[in-house]
Amino acid sequence: MTNRSPAEYYQRDRQWHPPALAPDYKTSLSRSPRMPLLSLENALGEVTGPVFSHDDIAEIDNDLLNNFTHGGEPIGERIILHGRVIDENARPVPNTLVEIWQANAGGRYRHKKDTYLAPIDPNFGGCGRTMTDVDGYYFFRTVKPGAYPWRNWINSWRPAHIHVSIFGSGFAQRLITQLYFEGDPLIAKCPIVQSIPDPEAVDQLIAALDMNTTIPLDSIAYKFDIVLRGRRSTLFENRLEGN
Amino acid sequence: MVQKLNYLKETPSQTAGPYVHIGLAPGAAGFEIFEQELGWDIAGPNAKGERIRVEGYVYDGTGAPVKDVMLEVWQANVEGVYAHPADGRAVEDGFRGWGRVITNFETGLWGFDTVKPGATPGRNGTTQAPHLNLWIVARGINVGLSTRMYFDDSDNSADPVLGLIEQAHRRDTLIATRQNDDIYRFDIHLQGDAETVFLDI
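None of the values given here were measured: they were computed from a predicted structure.

A. Geometry of the pairing of strand β8 (residues 131-137) of chain B. Residues and elements named next belong to chain B. The element β8 is extensively covered by neighbouring structure, given that seven of its seven residues are classed as buried. Across the two faces of β8 the burial is the same, with His131, Asn133, Trp135 and Val137 and Leu132, Leu134 and Ile136 all buried. Across five bridges, strand β3 (residues 70-74) lies against β8 in antiparallel orientation. Directly across from Val73, in β8, lies its bridge partner Leu134. Bridge count for β8 against strand β9 (residues 145-151) is six bridges, and the pairing is antiparallel.

This is the structure we're talking about:
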């Protein structure tokens with residue numbers, strides 16, 4: 001039916017990801033499936049996914065310092081967030097959409113459901129998007145988000161974080177995660193972070209201070225590489241249709 | 001000691017949180033920032049086939065609608081073709097097959113307009129009955145949940161994925177009900193007796 005289908009993805013390591021039910025993260029109790037997931041071998045619908053182009057986004061969309069300006073720049077610590085999207089085989093994932101959203105420097109989101117007392121910044125929207133280049137490289141300019149309180153226990157604070165959404169080339173690679181910042185003492189106390197069982201997996205979510213990319217007298221830089229599922233290079237039994 | 005394999009590990013998932021809307025569907029959340037919102041037009045103007053609407057709720061384990069969820073859909077066109085170079089077949093100009101939708105914040109109802117897909121190629125020469133691939137993220141969901149929506153007016157009897165579901169009655173959790181001319185109802189239950197079958201793809 002098809003000329004050629006790409007090979008299937010390596011199975012997702014469910015012991016590396018957080019479990020659906022993480023009791024210290026209270027909301028997960030009523031929103032986690034109790035029955036096991038049905039494990040599927042990939043077919044065409046899993047190894048394909050939406051294709052985006054530069055026509056879908058605007059040049060300024062990755063510049064959160066300027067993409068919601070109302071006459072000035074946002075308040076806060078100016079940062080460059082950059083890195084590569086690669087797969088488990090360390091191959092670049094080019095031309096894929098990366099979207100981010102975050103609180104402002106005071107820890108407040110521009111969202112009608114966020115009622116934290118820290119003020120809205122009139123010059124900060126808090127979301128951006130970009131496409132990786134041929135090497136899988138991406139970057140954003142933004143401000144470092146603030147920590148903020150949330151209702152889990154009565155005195156729970158989220159570490160500073162930026163939400164990241166990545167597509168990859170197949171829908172089975174679809175991923176949303178959060179990045180944290182090197183040195184933040186709230187990381188160890190956060191039940192959302194600590195839903196991840198392996199400390200090495202937590203480390204993978206912590207962006208590193210990157211002095212070499214910092215722009216002197218302008219912006220501090222953090223590097224955050226994103227790894228998506230890799231795919232087989234050798235086909236044996238149970239081939240996908242068309243291979 | 002043995003040689004190191006040197007595979008990297010996939011970046012671990014974290015919940016999309018309560019404010020996923022401003023990041024991924026700001027226009028739908030009432031926030032003007034981007035010139036183009038992505039994912040509101042799944043089929044485009046030239047898609048062939050039957051125009052349909054899909055609506056439903058996502059329910060939590062207590063039976064309450066989840067009002068801060070975001071869903072994404074990935075589907076083939078009426079001829080069973082995915083708009084991706086790996087498929088190798090052509091789609092109508094403007095057909096993307098992908099969309100995203102958030103709920104009404106007051107009620108939790110979500111809905112999107114698209115075309116009914118055709119059957120798609122499965123593994124080893126099998127054919128999969130027409131379906132939408134769905135991906136669900138929200139506060140409290142640590143790893144995005146994958147599932148599928150089939151159609152109650154299609155022949156699903158030979159579908160290889162439905163056939164894998166051990167408890168036959170649970171297959172119904174993946175089948176949408178045609179309500180009137182062009183609206184299919186598909187409710188998703190995160191937990192409980194009617195828990196939807198979720199997939200590890």
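B. Quick look at the environment of Phe151 of chain B. Residues and elements named next belong to chain B. With respect to the helices and strands, the residue Phe151 is situated in strand β9. Residues Phe151 and Pro117, spaced 34 residues apart in sequence, show a C-alpha to C-alpha distance of 9.9 Å. Apart from the residues lying within four places of it in its own chain, the contact partners of Phe151 are Ile52, Lys116, Pro117, Pro130, His131, Leu132, Asn156, Ile175, Ala176 and Tyr184.

C. Up close: the pairing of strand β5 (residues 110-115) of chain B. Residues and elements named next belong to chain B. Most of β5 sits out of view: five of its six residues are buried. Pairing geometry for strand β1 (residues 51-56) and β5, over six bridges, is antiparallel. Counterpart to Gly56 in the pairing with β5 is Trp110.

D. Molecular detail of a nonpolar patch on the surface. Residues Leu209, Met211 and Ile220 of chain A make up a contiguous nonpolar surface patch of about 270 Å² in total accessible area. What makes Met211 of chain A exposed here is its relative accessible area of 57%.

E. Just the interface of chain A and chain B, in detail. In this assembly, 97 residues from chain A lie in contact with 73 residues from chain B. Contact with chain B buries area across many residues of chain A, yet Arg31, Leu38 and Phe171 of chain A alone supply 11% of it, more than any other trio. Where Arg174 of chain A meets Glu72 of chain B, a salt bridge forms, and the shortest distance between an N and an O atom there is 2.7 Å. Counting the contacts that link chain A with chain B gives 45 residue pairs in polar contact (both at pLDDT 80 or more). Ranked by the residues each element gives to the side of chain A that touches chain B, the list is headed by strand β9 (residues 175-181) of chain A, at five residues. Of the residues contributing to the side of chain A that touches chain B, the split by class is 46 nonpolar, 26 polar and 25 charged. Strand direction decides the pairing type here: strand β1 (residues 38-39) of chain A and strand β13 (residues 199-200) of chain B, joined by two bridges, are parallel. By the bridge assignment for β13 of chain B, Leu38 of chain A is matched with Leu199 of chain B.

F. Expanded view of unusual backbone geometry. All names here are of chain A. For Ala90, which is not a glycine, the phi torsion comes out positive at approximately 65°. Assignment of secondary structure puts Ala90 in the loop between β2 (78-87) and β3 (97-102). Located in the positive-phi region is Leu217, a residue other than glycine, with phi close to 65°. Within the fold, Leu217 resides in the loop between β10 (206-209) and β11 (220-223). Its relative accessible area of 93% is what places Leu217 among the exposed residues.

G. Expanded view of the pattern of salt bridges. Counting across every chain of the model gives 24 salt bridges over all chains. The salt bridge involving Lys9 of chain B is made with Asp13 of chain A; its shortest N-O contact spans 2.6 Å. Of this pair, Lys9 of chain B sits in the segment before α1 (20-24) while Asp13 of chain A sits in the segment before α1 (28-31), which puts the two residues in different chains. You can call Asp13 of chain A partly exposed: its relative accessible area is 28%. Between Arg100 of chain B and Glu72 of chain B there is a salt bridge, with its nearest N and O atoms 2.9 Å apart. Residue Arg100 of chain B is located in strand β4 (residues 98-102), and its partner Glu72 of chain B is located in strand β3; the two are separated by 28 residues in the primary sequence. In this pair, the class of Arg100 of chain B matches that of Glu72 of chain B, namely buried. One salt-bridge network, held together by shared partners, links Glu99 and Arg174 of chain A together with Glu72 and Arg100 of chain B.

Procedures and definitions
What you see as residue numbers is a count from 1 along each chain, following the sequence as written. The lettering of chains begins at A and the numbering of ligands begins at 1, in the order of writing. Thresholds applied to this predicted model are a pLDDT of at least 70 for local features of residues and 80 or more for the giving and counting of side-chain atom pairs; totals over whole chains, interfaces and linings are not thresholded and use all residues. Side-chain metrics rest on all non-hydrogen atoms present in the structure, leaving aside hydrogens and water. Each residue gets one of three labels from its accessible area relative to the maximum for its type: buried under 20%, exposed over 50%, partly exposed in between, using a 1.4 Å probe on protein chains only. Secondary structure is summarised from DSSP: a helix means a run of H or I of at least four residues, a strand means a run of E of at least two, and numbering begins at the N terminus for each. One bridge is not enough; two strands pair if DSSP finds at least two bridges between them. Whether two residues are in contact is decided by their heavy atoms, any of which lying within 4.5 Å being enough. Each patch is assembled from residues with relative accessible area greater than 30% and no salt bridge, linking like charges that lie within 9 Å and nonpolar side chains (Val, Leu, Ile, Met, Phe, Trp, Tyr) that lie within 5 Å. Where accessible areas are quoted, they stem from the Shrake-Rupley method and a 1.4 Å probe; at the residue level, only the protein chains shown are allowed to cover. Here, a salt bridge means any Lys or Arg side-chain nitrogen found within 4 Å of an Asp or Glu carboxyl oxygen. Joining two parts hides part of their accessible area as seen by a 1.4 Å probe, and the buried area is that hidden amount summed over both. The definition of a polar contact used here is a pair of N or O atoms within 3.5 Å, where within protein one atom must be able to donate a hydrogen and the other to accept one, and adjacent residues in sequence count solely through side-chain atom pairs. In this classification, the charged set is Asp, Glu, Lys and Arg, the nonpolar set is Ala, Val, Leu, Ile, Met, Phe, Trp, Tyr, Cys and Pro, and all remaining amino acids, among them Gly, are polar.

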